[in-house]
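Structure assessment
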Amino acid sequence: MWNRRGFLKKSVLSSMATLLGAEIVFAKNLPPKTLPLAFQPAEDILPGKHPDLIILNNRPWNVEAPPHLLNDAVTPGDKMFIRNNGIPPEGVDINQWTLTIEGEAALSSKSYTLKELKEKFEHHTYQLSLECGGNGRAGFYPPASGNQWTEGAVSCGEWTGVRLKDVLMDAGIGENAVYIGYYGKDTHISGDASKNPISRGVPIEKALEDESLIAWSLNGEDIPIMNGYPLRLVFGGWPASCSGKWLEKIVIRDKVHDGEKMTGTSYRVPKYPVQPGTKVPEEDFEIIESMPVKSLITSPKSGAMLALGKNLEVKGHAWAGDLEVSKLQLSIDFGATWHEANLESPVNRLAWQHWNAELSFPKEGYYEIWAKATDSKGVSQPMVIPGWNPKGYLNNACHRIAVKITAS
Ligand SMILES: Nc1nc2c(c(=O)[nH]1)N[C@H]1C(S)=C(S)[C@@H](COP(=O)(O)O)O[C@H]1N2
Ligand SMILES: [Mo]
């Protein structure tokens, strides 16, 4: 199929044109080893991933789930969004994989094989919600650059591994420790081996929480390759960018970790509200920590039709960073009145919470269902797009879906 230089052969191109019923006009500009999308169904390029995921970018892979695909109580691996900053490692040999703990605030430098990690430390399983800080970016105006996530850069899988704190304590945490940083085995998109695609972390207090995991398993199976196989950090409730994938090194720092995408405007927002479109001085930014309260309507799918006189069962999830969700309300009249949904408790701290409700409609016609969650401090999701910020983070506006009620 490919010629020596990695380009599609002439004969292949001409049979593709026949199949498409159209010439691939700029075929000579296709980068090496790149197939036209028409010949590239999602399941073929992303082994183990659901074909209905939405591809925002394929170099690096950035893929989100449409909300109705997230209806499961626990997100299956094939429906989990992918946010890659670089190129994942290939040909991972789990027998050769090691995790090293070091850094200026580590009392020793220690390395563990996967087998040692599994044998030496107690195993723990938690359901943990992970949302990309940029989820909802597409809603901001003026637009913010970056992947135009809509609603689906969020998941809540059941992760198994060892507590980060057990491993950090085994290596020894210095009294000067303030932060941890991670390094993964993925490589920079430029091919420059001296550059990291991303190296973020969390304050030592977050690192030492019971639910902060070094995980090797998702929903009882190996972690999908794109989600960090064979080992990753998982910090529920915080921007998912803290949860380092393909984890090979953790540094215990005596200052705020200053790795790639910790500084400047990356995963940082202005400390005060700003006029949309303004240029904000870099020193006025702060690092995003716990994510704001948010919810999703996962059933029905937007666009559903229902006969008048029938009740509609509406379902979804809600989450609130380090906090709990205390209330979930629904509106069918653009926010004029609200109905309270049944809201379940989380199975464990930092897991998303399920909710459901039965709605009835007064007459035929077009409606929207709006969902609004409130956290345990009384803070609710805004109905309009919240504070604009230069990189388009933290859009937790109410999720809306459309439904049509037809004659019975
Ligand atoms: N090594 C590494 N870890 C990473 C990333 C990455 O590109 N490389 N992306 C981060 C970002 S920005 C997000 S939102 C989450 C996404 O996790 P997921 O792809 O498993 O859904 O992984 C984080 N961990
Ligand atoms: Mo992210």
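In this text the structure is predicted, and so the values were computed from the model without any measurement.

Notes on the domain arrangement of the protein
Partitioning the protein into structural domains gives domain 1 (1–40), domain 2 (98–287) and domain 3 (294–406). Placing the centre of domain 1 and that of domain 3 at their C-alpha centroids yields a distance of 44 Å.

Looking at the nonpolar core
Counting 37 residues, the largest nonpolar core has L117, I180, I214 and I250 as the members making the most contacts within it. Here this core gets 4 residues from one element, more than from any other, and that element is helix α4 (residues 164–171). If we skip the residues at most four places from it in the chain, I250 touches L99, T100, I101, E102, L164, L168, I180, G181, I214 and L233. One finds V293, V325, I332 and A371 within the second-largest nonpolar core, a separate group that totals 23 residues.

A look at the pairing of strand β19 (residues 325–331)
For β19, the tally of buried residues reaches 5 of 7 residues, placing the bulk of the element in the interior. Taken together, the 6 bridges between β19 and strand β23 (residues 365–375) define a ladder with antiparallel strand orientation. Each bridged residue has a counterpart across the sheet, and for Q329 the counterpart in β23 is K372.

Digging into unusual backbone geometry
Glycine aside, the phi torsion of most residues is negative, and most peptide linkages are trans. The residue after R59, namely P60, is reached through a cis peptide bond having omega 0 degrees. Within the secondary structure, P60 sits in the loop between β1 (54–58) and β2 (61–64). Here S299 and P300 are connected by a cis peptide whose omega angle stands at 0 degrees. You can see P300 is positioned in the loop between β16 (294–299) and β17 (304–307). You will see that Y267, though not glycine, has its phi angle at about 50 degrees, which is positive.

Brief notes about the sheet that holds β19
With respect to topology, 5 strands assemble into an open sheet ordered β17-β24-β23-β19-β20, the strand pairing being mixed. Either end of the sheet is taken by a strand with one partner, and the two such strands are β17 and β20 (339–340). In the sheet, β23 pairs with strand β24 (residues 399–406) via 7 bridges, with the strands oriented antiparallel. Across the sheet, the residue bridging to W370 is R400, located in β24.

Focus on the sheet that holds strand β22 (residues 353–359)
The 4 strands are arranged β16-β18-β22-β21 in an open sheet whose pairing can be described as antiparallel. What marks the edges here is a single partner per strand, and that holds for β16 and β21 (342–343). Pairing of strand β18 (residues 312–319) with β22, which is carried by 7 bridges, proceeds in the antiparallel orientation. Among the inter-strand pairings, H317 is bridged to a residue of β22, identified as H354.

Calculation criteria
Residues numbered from 1 in each chain as written. Chains lettered and ligands numbered in written order. Predicted model: local features only at pLDDT ≥ 70, side-chain atom pairs only at ≥ 80, totals over all residues. Heavy atoms only, no water. Domains from an automatic or database assignment. Core = buried A, V, L, I, M, F, W, Y, C linked by side-chain atoms within 4.5 Å. Buried < 20%, exposed > 50% of the residue type's maximum accessible area, 1.4 Å probe, protein only. Helix = DSSP H or I, 4+ residues; strand = E, 2+ residues; numbered from the N terminus. Contact = heavy atoms within 4.5 Å. Pairing = 2+ DSSP bridges.

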